Amino acid sequence: MTAPGVDDAVQDKPEKDPVTERRLHPITPLRRAWAPVAVVIGWAVHDPDQTQRQLTRLTTTTLLIALAVIVPAAALYGFLTWWFTHFAVTDTELRIRTGLLFRRTAHIRLERIQAIDVTQPLLARVAGVAKLRLDVVGTDKKDELAFLGEREARALRAELLARAAGFAPETAHEVGEAPARELLHAPPRDLALSLVLTGATWGSLVAALVVPPLLWMATHSVWTVLATALPLLGAAGASSVGRFVTEYDWTVGESPDGLRIDHGLLDRSHETVPPGRVQTVRIVEPLLWRRRGWVRIELDVAGSSNSVLVPVAPREVAEAVVARVLPGVTVPPLSALSRPPRRAGRCVPVWWRGYGLAVTDSVFAARQGLLRRSLALVPHAKVQSVRLTQGPWERLWRVADVHVDTGANKTVTARLRDAQEAAELLKAQAERSRTGRKGARPDRWMV
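Residues numbered from 1 in each chain as written. Predicted model: local features only at pLDDT ≥ 70, side-chain atom pairs only at ≥ 80, totals over all residues. Heavy atoms only, no water.

### Some details on the sheet that holds strand β7 (residues 181-185)
Read from one edge to the other, the open sheet built from 7 strands follows the order β6-β5-β4-β10-β9-β8-β7, with strand pairing classed as antiparallel. One side of each edge strand has no neighbouring strand; the edge strands of this open sheet are β6 (143-149) and β7. Across the sheet, the mean angle separating the axes of adjacent strands is 20° when strand polarity is ignored. Sheet topology places β7 next to strand β8 (residues 251-255); 4 bridges connect them, and they run antiparallel. Within β8, the position partnered with Glu182 by the bridge is Gly253. (Pairing = 2+ DSSP bridges. Helix = DSSP H or I, 4+ residues; strand = E, 2+ residues; numbered from the N terminus. Axes fitted to C-alpha atoms, helices over the stretch in contact; angles between N-to-C directions.)

Spelled out as structure tokens, the structure:
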């Protein structure tokens, strides 16, 4: 027998709204349709002689019939993969369901999302669509939704970030994209000049121009020269033109959901540096940049592929951006970095002068390099472990290395410190890391 009022209470209880599944943009099948064509091309490249023999046997009629079969098959494959791909946003997760024959459902917890990037390849920009890429804690590979309408992608990104920040599901879609304030813009002229003044650009270009002629003189083999010249030319292009195209119109803005990075000449990318997830900041200063006072800022972000924060900028401007990435951190001046003892030169001649160390209340700072200086800053709260290593030759000269491991699976090393100093640094850094984690701010969006 049911107690009075129970049925009424059950009836009055609001039912949960059903989860609405959505499909990707209708242009997506064109992207998926390339898969069968790519299989055929891969087979042809794998065995070109056999492919040529087979093609010579085919008549025009046979080729037309083959095309009449392959093109509809590719179109049908693209359509079916699009038709069986759905995504939905629930109260706690983003659910992506894919698979034509073998079904796969990805359940992405909203609180584990640490970055959502909107990217637009050139053809996607022409078609007005965009790709949504998600960085999730504990996964190396990014999940993605490709493609969505440009407005839909931005709206979905804003909704996911709002939910990850703790907004209620019924209000998250109304929050909209958080406003951003521009902090830095890298002029194309400075970017181009910085690439010209980079040693890697000239090194790869010289190798591409010198090595192939030498190989031709030694082997007189066209295939050997081509097999060597093409990768060298590709490396030279990637280090110069490729970087210019990728880093063109680089803009850094600040918003409640982190630092936003927009860049790209052909393919536009809208990335986000998640708040509180930056493990290491490196200030890189190539030799030929020093007269102009330029530096490059690189990042190590836990679980994210974001690696460049500032491609080129004056030092004072770049340090102001670093202060926004690491609140409360001041970049130690060069005068504050202590060199290893002179006897360290017995272990690493000449280059020992490029090493330096400074430990402040907020960061562990280690420098390395003479021609290309690199200063790595690790907040104490981000240090996962501290290690001391000392080889036989280092023991002889009473020096040791102190390694600081971060959550991004990277290591920052203070090289060739005095052995007693290194032992004291090991103990002190372990204590600083413990107290730093207690006082660290939570890694939350929009706080």
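### Regarding the sheet that holds strand β18 (residues 399-406)
The 3 strands lie next to each other as β17-β18-β19, forming an open sheet whose pairing is antiparallel. The sheet terminates laterally at β17 (383-389) and β19 (411-418), the two strands that pair on one side only. Strand-to-strand twist of the sheet, defined as the mean angle between neighbouring strand axes without regard to direction, takes the value 20°. As paired strands, β17 and β18 are joined by 6 bridges and run antiparallel to one another. From the neighbouring strand, Val386 faces β18, where its bridge partner is Val404.

### Structural notes on the packing of aromatic side chains
Taken as a whole and judged by the stated rule, the model has 6 aromatic pairs. Centre to centre, the rings of Trp289 and Trp294 are 6.4 Å apart; their planes meet at 85°, and the pair counts as edge-to-face. On the accessibility criterion, Trp289 (1% relative accessible area) is buried. In this structure an aromatic cluster arises from ring pairing among Phe79, Trp82 and Trp83. (Phe/Tyr/Trp six-rings, centres within 6.5 Å; stacked < 30°, edge-to-face > 60°. Buried < 20%, exposed > 50% of the residue type's maximum accessible area, 1.4 Å probe, protein only.)

### Observations concerning helix α10 (residues 199-219)
The end-to-end C-alpha distance of α10 is 30 Å, a good match for the 30 Å that 21 residues give at a rise of 1.5 Å each. Listed in full, the buried residues belonging to α10 are Thr201, Ser204, Ala208 and Pro212. For α10, the secondary structure elements touched by its buried residues are α9 (188-196) and α11 (222-247). Backbone geometry just downstream of α10 places His220 in the positive-phi region, at approximately 55°. (Expected span 1.5 Å × (residues − 1). Contact = heavy atoms within 4.5 Å.)

### Focus on the pairing of β18
Of all the 8 residues making up β18, 8 are buried; the element is thus mostly covered by neighbouring parts of the structure. Pairing geometry for β18 and β19, over 6 bridges, is antiparallel. Counted as the bridge partner of Ala400 is Arg417 from β19. Connecting the antiparallel pair β18 and β19 is a turn made up of 4 residues, with Asn409 showing a positive phi of about 60°.

### Considerations on the packing of α10 against α11
At a closest axis distance of 8 Å, the pairing of α10 and α11 adopts a crossing angle of 175°. Between α10 and α11, the angle is such that the two are roughly antiparallel. Contacts from Ala200, Thr201, Ser204, Leu205, Ala207, Ala208, Val211, Pro212, Leu215, Trp216 and Thr219 of α10 reach α11 at Val222, Thr224, Val225, Thr228, Ala229, Leu232, Leu233, Ala235, Ala236, Ser239 and Ser240. (Parallel < 35°, antiparallel > 145°, perpendicular 65-115°, else oblique.)

### Focus: the pattern of salt bridges
Any two side chains of opposite charge can pair, on the condition that their charged atoms come close. A complete count under the given rule lists 23 salt bridges for this structure. A salt bridge links Arg315 to Glu285, with the shortest nitrogen-to-oxygen separation between them at 3.2 Å. Placement of Arg315 in helix α12 (residues 315-325) and of Glu285 in strand β11 (residues 278-285) is noted, with a sequence separation of 30 residues between them. Taking relative accessible area as the criterion, Glu285 reaches 10% and is therefore assigned buried. Ionic pairing is found between Asp405 and Arg387, a salt bridge with its closest N-O pair at 2.9 Å. Within this pair, whereas Asp405 is found in strand β18, its partner Arg387 is found in strand β17, the two being separated by 18 residues in sequence. On the basis of relative accessibility, which here comes to 12%, the residue Asp405 falls in the buried class. (Salt bridge = Lys/Arg side-chain N within 4 Å of Asp/Glu carboxyl O.)

### Thoughts on the nonpolar core
In this structure, Val278, Val281, Ile297, Leu299, Leu309 and Val325 are the most contacted members of the largest nonpolar core, which totals 31 residues. If you list the elements that add at least two residues to this core, you get β9 (258-263), β11, β12 (294-301), β13 (308-314), α12, β15 (363-368) and β16 (373-379). Apart from the residues within four sequence positions on either side, Leu309 is in contact with Trp250, Val252, Leu259, Ile261, Val273, Ile297, Glu298, Leu299, Val321 and Val325. One finds Trp82, Phe87, Val89 and Ala153 within the second-largest nonpolar core, a separate group that totals 22 residues. (Core = buried A, V, L, I, M, F, W, Y, C linked by side-chain atoms within 4.5 Å.)

### A few points about the environment of Thr171
Position of Thr171 among the secondary structure elements: in helix α8 (residues 169-175). For the pair formed by Thr171 and Glu159, sequence separation is 12 residues and the distance between their alpha carbons is 9.0 Å.

### Describing the packing of α9 against α11
Running from amino to carboxyl end, α9 crosses α11 at an angle of 155°, the nearest separation of the two axes being 10 Å. Taken together, the axes of α9 and α11 are roughly antiparallel relative to one another. Read as a crossing pair, α9 and α11 show a hand that is right-handed. In contact with Pro188, Leu191, Ala192 and Leu195 of α9, α11 contributes Ser239, Ser240, Arg243, Phe244 and Glu247. Taken together, the residues of the contact of α9 with α11 break down into 5 nonpolar, 2 polar and 2 charged. (Left-handed = near helix turned anticlockwise from the far one by under 90°. Nonpolar A, V, L, I, M, F, W, Y, C, P; charged D, E, K, R; others polar.)

Purely spatial values, then, with no claim about function.
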